[in-house]
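# Coordinates in review
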Amino acid sequence: MSSDRQTPPVMADVARAAGVSHQTVSRVINGSPNIRPSTRERVESAIRALGYRPNTAARALVTRRSSTIGIISTGSGLYGPASIQRTVEDAARSAGWFAGSVSLATVTESTLTDAIDHLLRQAVEGIVMIAGQVEALELVSRQDFGVPFVVVEGDLSKASNVVGVDQHAGAFAATTHLVELGHTRIAHVRGPRSWTEADGRESGWRDALAAAGLEPGVLLHGDWSARSGYAAGRTLVADGDTTAVFVANDQMAIGLLRAYHEGGRPAPRHVSVVGFDDTPEAEYLQPPLTTVRQDFAEVGRRAIAFLDASIKGLEPHLERLVPPDVILRSSTARPYRPEVSA
């Protein structure tokens, strides 16, 4: 009985279409340098035309390479870490790597060791660790990954193999923007103590104020959520002296903006607000939020470039910290100065 079902093309089909031996096809697939350019082009054209997919398991046996890397993330649903994981995966695919991911609900020595062991059993050639918490970085510094690895983090002092967004520079630029508008009482709503990004953003705020000869304003702690930003905003409305706030992420800035609106002191007339991340909704708030944009796609590309070079035994030559940009919108303005009647 005949069947209309087509079977997937095999290497022999590619060889026949290209007019070469299957050994030549194998050498092209495995990246052998001893192939004439014209022959390589014929084989690659036949692969594209037929839709042939090489058997990666067989290829690994021949080349002793898996072409696979591992990604360990902390399982956070926050905008920044989730965006970085996605862009690292995209950059890996673009560079010809397969990527396997392990997401950790909690980061302990045991869970991190298990994650590394799991990836090594998949014969990964390198590992990307997306680590935002202080505890995670401390554990990374004590781990033997067994393969080249890179840590995605915004502070070069935390680990030796680091690529990330320069958190300090972003906070410094955001605070400087407020200073240049004429604000002198600039508060900060920072993230949790356990996050290195929160530390970097607080230090950038402090250093920008010091550079301008200003004392730090009110410092409040949040947990990255809009609810905690709202609570901080209620405190600052009651304080009354603050004219500008640098908030460590956009979600907290959303809550803070609401608190000021409810308190009868809406932005930007009564308070200028700058966030951090440039989440998709930031430009659609009322008022649209001035914020710090992190180039997550570039972080992904640099992380994979760093890891690729390390796997090949090369010295990575790239800037490891990506500079962020301040995106100016309507939530910041010069300080409100009520007219005094005579």
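Before reading on, note that the structure itself is shown above.
The structure presented is a predicted model; accordingly, all values stated were derived computationally and were not measured. (Residues numbered from 1 in each chain as written. Predicted model: local features only at pLDDT ≥ 70, side-chain atom pairs only at ≥ 80, totals over all residues. Heavy atoms only, no water.)

## Some points on the environment of Ala 305
Mapped onto the fold, Ala 305 is located in helix H12 (residues 296-311). Residue Ala 305 is classed as partly exposed on the basis of its relative accessible area of 35%. (Helix = DSSP H or I, 4+ residues; strand = E, 2+ residues; numbered from the N terminus. Buried < 20%, exposed > 50% of the residue type's maximum accessible area, 1.4 Å probe, protein only.)

## What about the sheet that holds strand E2 (residues 98-103)?
Spatially, the 6 strands line up as an open sheet ordered E2-E1-E3-E4-E5-E11, and their pairing is parallel. Two strands close off the open sheet at either side, each with one partner strand: E2 and strand E11 (321-322). In terms of strand pairing, strand E1 (residues 68-73) meets strand E3 (residues 127-130) through 3 bridges, oriented parallel. In the strand pairing of E3, Ile 72 is matched with Met 129. Lying on the sheet, helix H6 (residues 109-121) is in contact with E1, E2 and E3; it crosses E1 at an angle near 165°. (Pairing = 2+ DSSP bridges. Contact = heavy atoms within 4.5 Å. Axes fitted to C-alpha atoms, helices over the stretch in contact; angles between N-to-C directions.)

## Considerations on the sheet that holds strand E6 (residues 186-190)
Sheet strands line up and pair through hydrogen bonds in the backbone, either parallel or antiparallel. Spatially, the 4 strands line up as an open sheet ordered E7-E6-E8-E9, and their pairing is parallel. If you trace the sheet from one side to the other, it starts and ends with strand E7 (219-221) and strand E9 (272-274), each paired once. The sheet shows a mean angle of 20° between the axes of neighbouring strands, direction not considered. Bridge count for E6 against strand E8 (residues 244-247) is 4 bridges, and the pairing is parallel. Across the sheet, the residue bridging to Ala 187 is Val 245, located in E8. In the packing of helix H11 (residues 250-262) onto the sheet, the strands contacted are E6, E8 and E9, and the crossing angle to E8 comes to about 155°.

Geometric values such as these leave the question of function open.
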